[in-house]
Amino acid sequence: MSATATASIVDPTHAQPFYTHDEYLAAVERALRAATAYYAGDVTIDDATYDALVARIAVTEDHHPAWQSTTSPTRVVAGPTGDVPHSEPMLSLDNVFAEDGLRGWASRLHKALGQRVAQYTIEPKIDGLAVAAHYRDGRLTLVATRGDGRTGEDVTAQARLVAGLPQQLAAPVSIEVRGEVFMTNADFTAANEIRIANGEPVFAHPRSAAAGTMRAINRGYDVPLSFLAYAAVGVPEQHAQSHSESIEYLAGLGVATTAQSSAGMVVGTSIDEVVDNVVALGARRGQLGFAVDGVVVKANYAADQQAAGSSSRAPRWSIAYKFPADTRTTTLLRIDVQVGRTGLITPVAVLEPVQVGGVIVASATLHNFADLLLRDVRVGDTVFVRRAGEVIPEITGAKLDERPETAQPFEPPAVCPRCQGEIDRTQKRWRCLRGRACGAAEALLYYASRDAMDIEGLGDKVVDSLLAAGLVTDPADLYGLDVATLSRLDRMGTLSATNLVANIEASKLKPLSRVLTGLGVRMTGRSLSRRIARHFGTMAAVQAATVAEWELVDGIGAGRAQVIVAELIELAPVIDRLAAHGVTMVEPGSPALEPADAEQGGAVLPLQRRDGTPLTVVVTGSIPGLSRTEGNEAVEVLGGKSSGSVSGKTDLVVVGDGAGSKADRATNLRLPVLPGERFAELLAAHRSGKHKQVRQILRAVLR
Ligand code: IVH
């Protein structure tokens, strides 16, 4: 089984049981080995794969109770044995992965208690490693890892590095504080810089960085770590009536707690409130500044906790709602080099697609060449891909123990891959020495091309002389050109200059979809630009859309949405200048401009069904007065969806002059066919508001 065969989708909510007892036992063994390695900071299988494995073990045990092994991860706290015994077991938590699971847990608890849980707490599940910190008379005396829950390892020496775990408490009390040691995102970046400066391999991701640092002895350098408390043993009675009060007490002693973190702690009184807060925390996951792998929900009152009790592995009064894993492993297939509009040259990882944080990721940033070389990530490696919230996915490191023998170090480009010019390597982020000028010719020609703003007269030679004369660097500069300036260019007479200025001026009337196409937003093309323009209606709406709103556009997923949002931010100054020059920033006919009022039935467009869904229309051959792109645009203006291929799902085929196989196929499939001239008439009738004629034309062909 290759690492990637299982990497793409793992789903703990639909786990299937193992068929044989041997398969079950092998899975238990695999889970234990992985868990032991995990607590040593070594990820042998990623969290999502581990959770799915444990879910399969659990379902198998439901089917075959007799098979259950005493070492099953469903029964014991999986982790390495240490030599420091815990005062009382450090338990694990049961996991759920969806709302159903959370509600199921609450109703089981309700039954067990014989009454509703009076209060719940909702706090972040921190993705680090659990420790118990012992204070005597206010002084920190011992810090131990969780280990197998009964015994852990002594990490007192390393704990001096940990922010949030003071050496001295604010009061001389004796108490055992329990919580998670982890690395914030900012500290992770800093830690890797320190590692690199010390000639050591970088940490693959924040959790292994925290685990590795806690276990490292006699390192010649320190890297920052943080701590957040989520429990304690020995809190005085009067402060221990509820979890939230105990946590407040710890905070008062100077210990950092989950409640004080950017994620905070909420007290809720119903499971609906719990669900709402879990969702809300999930939405903020990328903005917390540290990795959370879920939400921990607890019955707040100590009385409820005691009544519910615990199994040998986990308390029944608490549950972990796990988010989709934000770090997965997959294979690095290729490293592409991209040159941005400003000349920025960046390495981009092309990956075997993998599900990260709930979406499929097929490419990720490798930041910069310096970073890539230091991380020594190679094509063929199994790499860690991390995606927190709406952040662009990144490769944080490679699994060196799985590196294929043939893997070669990456060779960074010697010259700019776009213009073959020199590269400025003085900064961490490399740039083409020509900066914005690199690629400007390409960008201008694309903007002026027929399918974009269709500016006749703006060809290769003119663009080259405009750039050479320093008159333009981006499309917005075109609108500032005048006849006098243009006539001074080589081989440009007054007549051509006049025509060019007129054509540039005329392009201001092109609809938003053409402007979007012309800007060359990465990961969009002509037809997607049209869909985007129709969906949002105005440039202001396009620019204001969030990643979640982008995902509502047909054909746009989270990955593409993120790139588009980033592109639009980069393009904002050019867009503003285009708008200031009077370039059209709306898409006529977009339903977003005139919301279809289905009840009144008035706003349904000719190529839409009554419910507003578009008819699928194929335009083939040439239509009088329209280019190919304009033909497809017309379909969309009329409310239809244009498609390039004829199939049983096609609702209408427009057949113009010179149409070939598509027209034949339409006849064979007995699809409704509209001649090209009739289509042109239909469009003209629609534009001039002759609704009766529109209906007549369509009624003749559509059944
Ligand atoms: S409560 C008896 N709260 O998650 C209750 N655990 O997967 C024990 N963890 O072993 C745990 N954040 O290391 C609790 N806010 C939180 C937590 C948390 C992270 C860890 C902890 C535990 C593991 C279970």
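Heads up: the structure comes first, above all this text.
Note that this is a predicted model, so its numbers are computed, not measured.

> Is there a simple way to explain the overall build of the protein in this structure?
Within the protein, the regular secondary structure consists of 23 helices and 23 strands. Surface exposure of the protein reaches about 32200 Å², of which carbon and sulfur atoms provide 52%. The positive charge centre, built from 70 side chains, and the negative charge centre, built from 79, are 5 Å apart in the protein.

> Could you clarify how one ought to interpret the packing of aromatic side chains in this entry?
By convention here, two paired aromatic rings are described through the distance between centres and the angle between planes. Tallying each qualifying case throughout the model produces 8 aromatic pairs. Judged by centre distance (5.2 Å) and plane angle (45°), the rings of Phe182 and Phe290 are tilted. Of this pair, Phe182 sits in strand β8 (residues 175–182) while Phe290 is found in the loop between α7 (271–284) and β11 (292–299), placing the two residues 108 residues apart along the sequence. Ring centres of Tyr321 and Phe323 lie 6.2 Å apart, and the angle between their planes is 75°; on these two criteria the pair is classed as edge-to-face. Here Tyr321 and Phe323 have matching classes, each one buried. Over the ring of Phe203 we find Arg195; its NZ or CZ atom is 4.1 Å from the centre of that ring.

> What is the right way to read the packing of helix α22 (residues 676–687) against helix α23 (residues 691–701) from this model?
The interhelical angle for the contact between α22 and α23, taken along N-to-C directions, is 155°, at an axis separation of 8 Å. Here α22 lies roughly antiparallel to α23, going by the angle between them. Pair α22 / α23 crosses with left-handed handedness. Together, Arg678, Glu681, Leu682, Ala685 and His686 of α22 and Gln693, Val694, Ile697 and Leu698 of α23 make up the contact between the two elements. Residues of the contact of α22 with α23, tallied by class, amount to 5 nonpolar, 2 polar and 2 charged.

> Can you walk me through the site of the ligand in this structure?
The local shell around the ligand holds 15 residues, among which Pro124, Lys125, Ile126, Arg146 and Glu180 are the closest. In this structure, a nitrogen atom belonging to the ligand sits 3.0 Å away from a main-chain N or O atom of Ile126. Between a nitrogen atom of the ligand and a side-chain N or O atom of Lys298, the distance comes to 3.1 Å. When isolated, the ligand has an accessible area of 530 Å², and the protein chains bury 89% of it. Mapped by element, the contributors of at least two residues to the shell around the ligand are β3 (120–126) and β11.

> Before we go on, may I ask you to explain the nonpolar core in this structure?
Nonpolar side chains in soluble globular proteins generally cluster together in the buried interior. Of all hydrophobic cores here, the largest spans 46 residues; its most connected members are Leu478, Trp550 and Leu578. Not counting chain neighbours up to four residues away, the residues in contact with Leu578 comprise Tyr447, Pro475, Ala476, Tyr479, Val515, Leu519, Val583 and Met585. If you look at the next biggest cluster of nonpolar residues, it comprises 34 residues, including Leu129, Val155, Met214 and Ala229.

> I tried to follow α23 on my own but got confused; where do I start?
What sets the pattern is the α-helix's 3.6 residues per turn: residues three or four places apart point alike. Residues of α23 that are buried include every one of Val694, Ile697, Leu698 and Val701, and no others. In an axial view of α23, the angular spread of the buried residues amounts to 90°, which keeps them on one side of the axis. In α23, the exposed positions angled more than 90 degrees off the buried face are occupied by Lys692, Arg699 and Ala700. The elements touched by buried residues of α23 are β22 (652–655), β23 (673–675) and α22.

> Just checking my understanding: could you explain the pattern of salt bridges for this structure?
Side chains bearing opposite charge may pair, as long as their charged atoms lie close to each other. Evaluated as defined, the whole model comprises 32 salt bridges. Between Arg403 and Asp381 there is a salt bridge; the shortest N-O distance is 2.7 Å. Taken together, the positions of Arg403 in the loop between β17 (394–398) and β18 (423–424) and Asp381 in the loop between α9 (369–375) and β16 (382–386) put the pair 22 residues apart, joining distant regions of the chain. Note on Asp381: relative accessible area 0%, which makes it buried.

> For this particular structure, what's the right way to read empty space enclosed by the protein?
To find leftover empty space, a probe the size of one water molecule is rolled over the atoms. The final tally for this structure, using the stated rule, is 4 cavities of 30 Å³ or more. Empty space within the largest cavity amounts to approximately 70 Å³. Taken together, Tyr39, Pro80, Leu129, Ala130, Thr145, Arg146, Gly147, Glu153 and Arg215 make up the full set of residues lining the largest cavity. Of the residues in the lining of the largest cavity, the class split is 4 nonpolar, 2 polar and 3 charged.

> How should the side chain of Arg386 be read in this particular structure?
Within the element layout of this structure, Arg386 appears in strand β16. By relative accessible area, Arg386 is classed as buried at 6%. At 3.1 Å, the side chain of Arg386 and the side chain of Asn185 are in polar contact. Those residues within four positions of Arg386 in sequence are excluded, and the remaining contacts are Asn185, Pro206, Ala291, Asp326, Thr327, Val356, Ile392, Pro393, Glu394 and Thr396.

> Can you help me understand unusual backbone geometry in this one?
Of all residues except glycine, most have a negative phi; of all peptide bonds, most are trans. Backbone geometry places Asp454, a non-glycine residue, at a positive phi of 50°. If you trace the backbone, Asp454 turns up in the loop between α10 (440–448) and α11 (460–468). Residue Arg491 is not a glycine yet carries a positive backbone phi of 55°.

> Where do I start with the packing of helix α15 (residues 512–519) against helix α16 (residues 526–536) in this structure?
Describing two packed helices takes the angle between their axes plus the distance from one axis to the other. Contact geometry for α15 and α16: axes closest at 8 Å, N-to-C directions at 135°. Comparing their axes, α16 and α15 come out oblique. The two elements α15 and α16 meet at a crossing, and its hand is right-handed. For the pair α15 and α16, the contacting residues are Leu512, Ser513, Leu516 and Thr517 in the first and Arg526, Ser529, Arg530, Ile532 and Ala533 in the second. By residue class, the composition of the contact of α15 with α16 is 4 nonpolar, 3 polar and 2 charged.

> What is the right way to look at the pairing of β22 in this model?
Taken residue by residue, a regular strand's side chains alternate between the two faces of the sheet. Judged by which residues are buried, β22 turns out to be covered on both faces: Leu652 and Val654 on one side and Val653 and Val655 on the other are all buried. Examined bridge by bridge, β22 and β23 share 3 bridges and lie parallel to one another. Bridged to Val653 within β23 is Val673.

> Teacher, can you tell me more about the sheet that holds strand β5 (residues 139–145) here?
Note: strands within a sheet are paired through backbone hydrogen bonds, in either parallel or antiparallel orientation. Here 5 strands make up an open sheet; going across it, the order is β5-β4-β8-β9-β7 and the pairing mixed. Each edge of the open sheet is held by one strand with a lone partner, namely β5 and β7 (162–163). Where strand β4 (residues 129–136) lies against β5, 6 bridges are found, and the strand directions are antiparallel. Bridge pairing in β5 links Ala133 to Val143. The sheet contacts of helix α6 (residues 243–252) involve β8 and β9 (225–233), and relative to β9 the element is tilted by about 130°.

Thresholds, definitions, all that
- Chains are numbered independently. Their residues run from 1 in the order of the written sequence.
- pLDDT decides what is reported in this predicted model: residues at 70 or higher carry local features, side-chain atom pairs at 80 or more are listed and counted, and totals for whole chains, interfaces and linings draw on all residues regardless.
- By convention in this description, side-chain values take in all heavy atoms of the structure and omit both hydrogens and water.
- Counting from the N terminus, the helices are the DSSP runs of H or I reaching at least four residues and the strands are the DSSP runs of E reaching at least two.
- Each accessible area value is a Shrake-Rupley result obtained with a 1.4 Å probe; residue values ignore everything except the protein chains displayed when judging cover.
- A positive count includes Lys and Arg, and a negative count includes Asp and Glu. His and the chain ends are not counted in either.
- Here the site of a charge means atom NZ of a Lys, CZ of an Arg, CG of an Asp or CD of a Glu.
- Centre distance within 6.5 Å is the pairing criterion for rings of Phe, Tyr and Trp, where only the six-membered ring of Trp is used; planes under 30 degrees apart are then read as stacked, over 60 as edge-to-face, and the remainder as tilted.
- Burial classes follow relative accessibility: with a 1.4 Å probe on protein chains only, a residue under 20% of its type's maximum area counts as buried, one over 50% as exposed, and anything between as partly exposed.
- For a Lys NZ or an Arg CZ to count as sitting over a ring, it must be within 6 Å of the ring centre and within 35 degrees of the ring normal.
- Fitting a line to C-alpha atoms yields each axis, with helices limited to the stretch in contact; the angle taken between N-to-C directions then spans 0 to 180 degrees.
- For classification purposes, angles smaller than 35 degrees are called roughly parallel, those larger than 145 roughly antiparallel, those between 65 and 115 roughly perpendicular, and all remaining angles oblique.
- Crossing chirality is assigned from the near helix's rotation relative to the far helix, an anticlockwise turn below a right angle marking it left-handed and a clockwise turn marking it right-handed.
- Throughout, a contact is declared for two residues whenever any of their heavy atoms are within 4.5 Å.
- Three categories are distinguished: nonpolar for Ala, Val, Leu, Ile, Met, Phe, Trp, Tyr, Cys and Pro, charged for Asp, Glu, Lys and Arg, and polar for the others, with Gly belonging to the last.
- Residues are classed as near a molecule or strand on a simple rule: at least one heavy atom within 4 Å of it.
- For the purposes of these results, a polar contact is taken to be a pair of N or O atoms within 3.5 Å, where, inside protein, one atom must be able to donate a hydrogen and its partner to accept one; residues adjacent in sequence count only when each atom of the pair is a side-chain atom.
- Only buried Ala, Val, Leu, Ile, Met, Phe, Trp, Tyr and Cys residues count toward a nonpolar core, and they belong to the same one when joined by side-chain atoms within 4.5 Å.
- Directions from the helix axis toward the C-beta atoms define the arc.
- By salt bridge we mean one thing: a side-chain nitrogen of Lys or Arg within 4 Å of a carboxyl oxygen of Asp or Glu.
- Detection works on a 1 Å grid of protein atoms alone, calling trapped sets that fit a 1.4 Å probe cavities and calling open sets with protein on both sides within 12 Å along at least five of seven lines pockets, with lining residues defined by an atom within 4 Å of a point.
- Grid points are joined across faces, edges and corners, and a volume is the space filled by probe spheres set on the points.
- By definition, two strands form a pair when at least two bridges between them are found by DSSP.

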